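# Structure at a glance
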Protein chains: 2
Amino acid sequence: MTKAENVGMKYTRHTRDDVVDAALRILDEHGLPDLTMRRLGATLDVQPSALYWHFANKQTLLASLADRIVERAKPVHPTDDDWKGATRTEAYALRNALLAFRDGAEVVSSTLALGLGAGLPLNLLSNCLERGGFDHRTSEIAAAALLHFILGHVSHEQQRLQADSLGVVAEAVSTNSPDCDVTPQGLEAFEFGISLLLAGLELHSHATTKPV
Amino acid sequence: MTKAENVGMKYTRHTRDDVVDAALRILDEHGLPDLTMRRLGATLDVQPSALYWHFANKQTLLASLADRIVERAKPVHPTDDDWKGATRTEAYALRNALLAFRDGAEVVSSTLALGLGAGLPLNLLSNCLERGGFDHRTSEIAAAALLHFILGHVSHEQQRLQADSLGVVAEAVSTNSPDCDVTPQGLEAFEFGISLLLAGLELHSHATTKPV
DNA sequence: ACCTGAACACCGTTCAAGT
DNA sequence: ACCTGAACACCGTTCAAGT
């Protein structure tokens, strides 16, 4: 019997993972500003203070959310793409992972900004890059550049998604075709940014591996 | 007589700009988490509620701070650089402007993330790019890509600055030469990221202006 | 035009104590 | 191992009223 089916009992004790699950649901359904320790406690039928048995503080909890969100971007089967294809694929996987939860980009990016966890997305990207024969240091700062762009871009995308979902329909019914919920020009700008960075990197690799 | 010299009087009424000035001081000296409406009121010898005569809410105030921070990146005299040089210069000017205030990048980036103001940095960058003969749309999404990188990178830089300034000296006295407060490897990574994007753009322009 | 005073509806976090 | 209950020290914002 799963915990979700546990209907008749007075209460259930929770595990760390239960807390993360519940937090992710609140995040996705109501957004980051509504993800409150008090509300999370109420969702789990527990006092807010009980959460501090599982997590040292709210930031640590958010870091766990960030990890879970980014985990979706782990490649399932090893690809035999070249470094460029692999990196592009990974970038898109990260974008999808962030878009899968409301405010996902902001959670990951603020966790990164506080220096907690979030080594995972960096590793995913630099692993792809190292196939290109770049030295470790170059792979890492290039991965950071890619990640900064990805997080900034998707944050912006999610902000627009949310603004549109609110009553800000106002101008011209948003001027695009009826049934596109996944933002067409957002994807275009994403592709463009990734392409710029990858093209720059390729040029860099030619310059260093075959010196004039 | 400037307001700062006004010592003997009981109180002075404030203008919108006074509030922004005081807020910028708190930001720079104590950081964003300490920039509270209540603390800001206390600094100005005023009830917190008085601030709501000048600003509709805290976010609007933060947007004004963001504008002031970014204004430093306005070019003083028109340069005759090519688009690449001008854009690189502007990117560095933005970095310096953000670094000039504690948590500057976070203030600007969160303001941008909420869709308030912050059109300025985008315009500064896309103006430079348009010298390259890119069409308006390309200039804008390239400017957005640059800005995402800049904000993400400088945020990360400022987080490390702050972490270092706290007692987290711990490991190996940070392994770099004695008197460098302006983070040498931070600048290196910044240069690398900007170069990748500019190189990618140059390639793009060749591809579109001289088709095969 | 600019501010006070008081209130409202919240926050995150700590800690002794319970089971 | 996991939670309660109560408290502490805060938040942003509103609003009638004052000058």
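Before reading further, recall that the structure is shown in the block above.
What this report covers is the structure whose coordinates are included nearby.

Conventions used here
Residues numbered from 1 in each chain as written. Chains lettered and ligands numbered in written order. Predicted model: local features only at pLDDT ≥ 70, side-chain atom pairs only at ≥ 80, totals over all residues. Heavy atoms only, no water. Near = heavy atom within 4 Å. Polar contact = N/O pair within 3.5 Å; in protein donor to acceptor, adjacent residues only side chain to side chain. Helix = DSSP H or I, 4+ residues; strand = E, 2+ residues; numbered from the N terminus. Nonpolar A, V, L, I, M, F, W, Y, C, P; charged D, E, K, R; others polar. Expected span 1.5 Å × (residues − 1). Buried < 20%, exposed > 50% of the residue type's maximum accessible area, 1.4 Å probe, protein only.

## A word on the protein's contact with DNA strand D
Around DNA strand D, 18 residues are found, and the nearest of them are His-14, Gln-47 and Ser-49 of chain A together with Arg-38 and Tyr-52 of chain B. Within 4 Å of the protein, atoms of DNA strand D come from sugar and phosphate in 56% of cases. His-14 of chain A is positioned such that a nitrogen or oxygen atom in its backbone is 2.7 Å from a phosphate oxygen of DNA strand D. Between DNA strand D and Met-37 of chain B, the relevant distance is 3.1 Å, taken from a phosphate oxygen to a main-chain nitrogen or oxygen of the residue. Breaking the surface near DNA strand D down by element, the ones donating at least two residues are helix H3 (51-54) of chain A together with helix H2 (37-43) of chain B. Residues that form the surface near DNA strand D fall into these classes: five nonpolar, eight polar and five charged.

## Digging into helix H7 (residues 119-130) of chain B
Helix length check: H7 of chain B (twelve residues) gives 16 Å between terminal C-alpha atoms against 16 Å at 1.5 Å per residue, within 8%. Every buried residue belonging to H7 of chain B is among Pro-121, Leu-124, Leu-125, Ser-126, Cys-128 and Leu-129 of chain B, and all of these are buried.

## Some points on unusual backbone geometry
If a residue is not glycine, its phi is most likely negative; likewise, a peptide bond is most likely trans. Residue and element names in this part refer to chain A. Of note, the phi angle at Asp-45 is positive, near 55°, even though the residue is not glycine. Within the fold, Asp-45 resides in the loop between helix H2 (37-43) and H3. Here the phi dihedral of Asp-103 falls at roughly 60°; this positive angle occurs in a residue that is not glycine. Examined against the element boundaries, Asp-103 turns out to sit in the loop between helix H5 (83-99) and helix H6 (104-113).

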